Amino acid sequence: MYKPIRDLDKHLINIQQLSDISTHSYHIYLLATDMDGTLTKNGKFTSQLLNTLERLSTAKIPVLIVTGRSAGWVSAISSLMPIAGAIAENGGLFYLSDNSDPVTLTHIPDLVNHRQDLAKTFVNLQTYFPQIQESADNLFRVTDWTFDLTSLTTEELQKIGNLCQQMGWGFTYSNVQCHIQPPGQNKAVGLLKVLRQYFPTYFPEQVITVGDSPNDESLFNQRYFPISVGVANIRGYENQLQHQPTYITTAAEGDGFCELCSYILENCQM
């Protein structure tokens, strides 16, 4: 199903043909990556990852983190890490690395009513699944509502998704938590908005997207991003994904991301 990472160069040749839009071939790459389970290893950032991000920055390869984490988390991450910016709440908000003010990617006319409606939806879900608990970071969220993934089966997650749809909401989940979100909000939609407004010289065909779980699925949709990479732990979800990544790394989690970046840095520069 997947093409091994060693064959990535065969696909990247197609991108190299677009090098006339820039004087340097490495300018044609932008990495848009999930965070938890993709950049982390056992839930932590490693020195290898931070070194890799520094090397990408030095090579002028922009990195955008596209995560389901809350606005509160991502505000700090975008300013502290050597990245171009970060998208929070699965496409809900964007933070440029040099600006702490968020850009709202999902239009919410009345934030107070929006939060109240999300809370009511969560309470309704608890009548079906009394074991679900609100996530601790929910206090720092704007566009979505999260609850812990613990003890939910794949069948129960599917039922929750159907219930959310019936109540007029979107739903997704990662290896960390579940998200009730506005319909149509996802990582790909948010990333496309950010590319158009803040990185207009990059076409979607020139972006490599990276992820590891179901809330990254929109980033694997070749209609939007032809070149996508799953770190090896994505295999645990392959039966739950309609859109599969184009390539998969040999290593899992942050080691897989670093594997991909080492290939890019060693093979895709002039």
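Residues numbered from 1 in each chain as written. Predicted model: local features only at pLDDT ≥ 70, side-chain atom pairs only at ≥ 80, totals over all residues. Heavy atoms only, no water.

The protein chain is annotated in an unreviewed UniProt entry as Cof-type HAD-IIB family hydrolase from Dolichospermum heterosporum TAC447.

Structural notes on the overall build of the protein chain
The helix and strand tally for the protein chain stands at 7 helices and 12 strands. By the burial criterion, 54% of the 270 residues in the protein chain qualify as buried. Of the contacts formed within the protein chain by residues at least 6 apart in sequence, a portion of 60% connects residues at least 24 apart. Accessible surface, the protein chain as shown: approximately 12,100 Å² in total, 50% of it carbon and sulfur. (Helix = DSSP H or I, 4+ residues; strand = E, 2+ residues; numbered from the N terminus. Buried < 20%, exposed > 50% of the residue type's maximum accessible area, 1.4 Å probe, protein only. Contact = heavy atoms within 4.5 Å. Areas by Shrake-Rupley, 256 points an atom, 1.4 Å probe, with all protein chains shown as cover.)

Details of the pattern of salt bridges
Under the criterion given, the structure shown has 6 salt bridges. Its salt-bridge partner being Asp255, residue Lys41 comes within 3.0 Å of it at the nearest N-O pair. Highlighted residues: Lys41 in the loop between strand S2 (30-33) and helix H2 (47-58) and Asp255 in helix H7 (residues 253-267), separated in sequence by 214 residues. The partly exposed category is assigned to Lys41, whose relative accessible area is 34%. (Salt bridge = Lys/Arg side-chain N within 4 Å of Asp/Glu carboxyl O.)

So, H7
Its 15 residues give H7 an end-to-end C-alpha distance of 22 Å, which sits within 8% of 21 Å, the value for a rise of 1.5 Å per residue. What H7 keeps buried is the set Gly254, Gly256, Phe257, Cys258, Leu260, Cys261, Tyr263, Ile264 and Leu265. (Expected span 1.5 Å × (residues − 1).)

Some remarks on empty space enclosed by the protein
Under the criterion given, the structure shown has 1 cavity of 30 Å³ or more. Lining the largest cavity are 13 residues, and of these Asp36, Gly68, Ser174, Val176 and Asn215 lie nearest its centre. (1 Å grid on protein atoms, 1.4 Å probe; cavity = no way out; pocket = protein on both sides within 12 Å on 5 of 7 lines; lining within 4 Å. Points joined across faces, edges and corners; volume = space filled by probe spheres on them.)

What to know about the pairing of strand S9 (residues 177-181)
Where a strand is regular, its side chains alternate between the two sheet faces. Of all 5 residues making up S9, 5 are buried, and the element is well covered by its neighbours. Sheet analysis places strand S8 (residues 170-173) next to S9, joined by 4 bridges and oriented antiparallel. When the sheet's bridge partners are listed, Gly170 is paired in S9 with Gln181. The turn linking S8 back onto S9 is made up of 3 residues. (Pairing = 2+ DSSP bridges.)

Here's the deal with unusual backbone geometry
In this model, Glu89 sits at a positive phi of 55°, which is unusual for a non-glycine residue. Within the secondary structure, Glu89 sits in the loop between strand S4 (85-88) and strand S5 (93-96). Looking at Glu89, the relative accessible area reads 0%, which means it is buried. A positive phi angle is found at Ser151, which is not glycine, with a value near 70°. With respect to the helices, strands and loops of the structure, Ser151 is situated in the loop between strand S7 (145-148) and helix H5 (154-166).

Comments concerning the nonpolar core
Core analysis: the largest hydrophobic core is formed by 32 residues, its most contacted members being Leu31, Leu56, Ile65, Ile208, Val210 and Phe257. If you list the elements that add at least two residues to this core, you get H2, strand S3 (63-66), helix H3 (71-80), S4, S5, strand S10 (207-211), strand S11 (227-230) and H7. Of the residues forming this core, the biggest block, 6 residues, is contributed by H7. By size, the runner-up hydrophobic cluster in this structure holds 23 residues, among which are Phe129, Ile160, Cys178 and Tyr237. (Core = buried A, V, L, I, M, F, W, Y, C linked by side-chain atoms within 4.5 Å.)

Regarding the packing of aromatic side chains
Under the criterion given, the structure shown has 5 aromatic pairs. Measuring from centroid to centroid gives 5.2 Å for Phe94 and Tyr198, while their planes differ by 45°, and the two rings are tilted. Taken together, the positions of Phe94 in strand S5 and Tyr198 in helix H6 (residues 187-198) put the pair 104 residues apart, joining distant regions of the chain. Their ring planes at 40° and their centres at 5.6 Å tell us that Phe122 and Phe147 sit as a pair that is tilted. Of this pair, Phe122 sits in helix H4 (residues 111-128) while Phe147 sits in strand S7, and the two are 25 residues apart along the sequence. An identical accessibility class is assigned to Phe122 and Phe147; each is buried. By the ring-pair criterion, three or more aromatic residues cluster together here, those being Phe122, Trp145, Phe147, Phe171 and Tyr173. The ring of Trp73 has Arg69 sitting right over it, with the charged end atom 3.9 Å from the ring centre. (Phe/Tyr/Trp six-rings, centres within 6.5 Å; stacked < 30°, edge-to-face > 60°. Lys NZ or Arg CZ within 6 Å of the ring centre and 35° of its normal.)

Topic: the sheet that holds S7
Spatially, the 3 strands line up as an open sheet ordered S7-S9-S8, and their pairing is antiparallel. The sheet is open, and its two borders are formed by S7 and S8, each paired with just one other strand. Averaged over all pairs of adjacent strands, the angle between strand axes in this sheet comes to 20°, irrespective of strand direction. Two elements, S7 and S9, share 4 bridges in a ladder whose sense is antiparallel. Within S9, the position partnered with Thr146 by the bridge is His179. Of the strands in this sheet, S7 and S9 are in contact with H4, which crosses S7 at around 30°. (Axes fitted to C-alpha atoms, helices over the stretch in contact; angles between N-to-C directions.)

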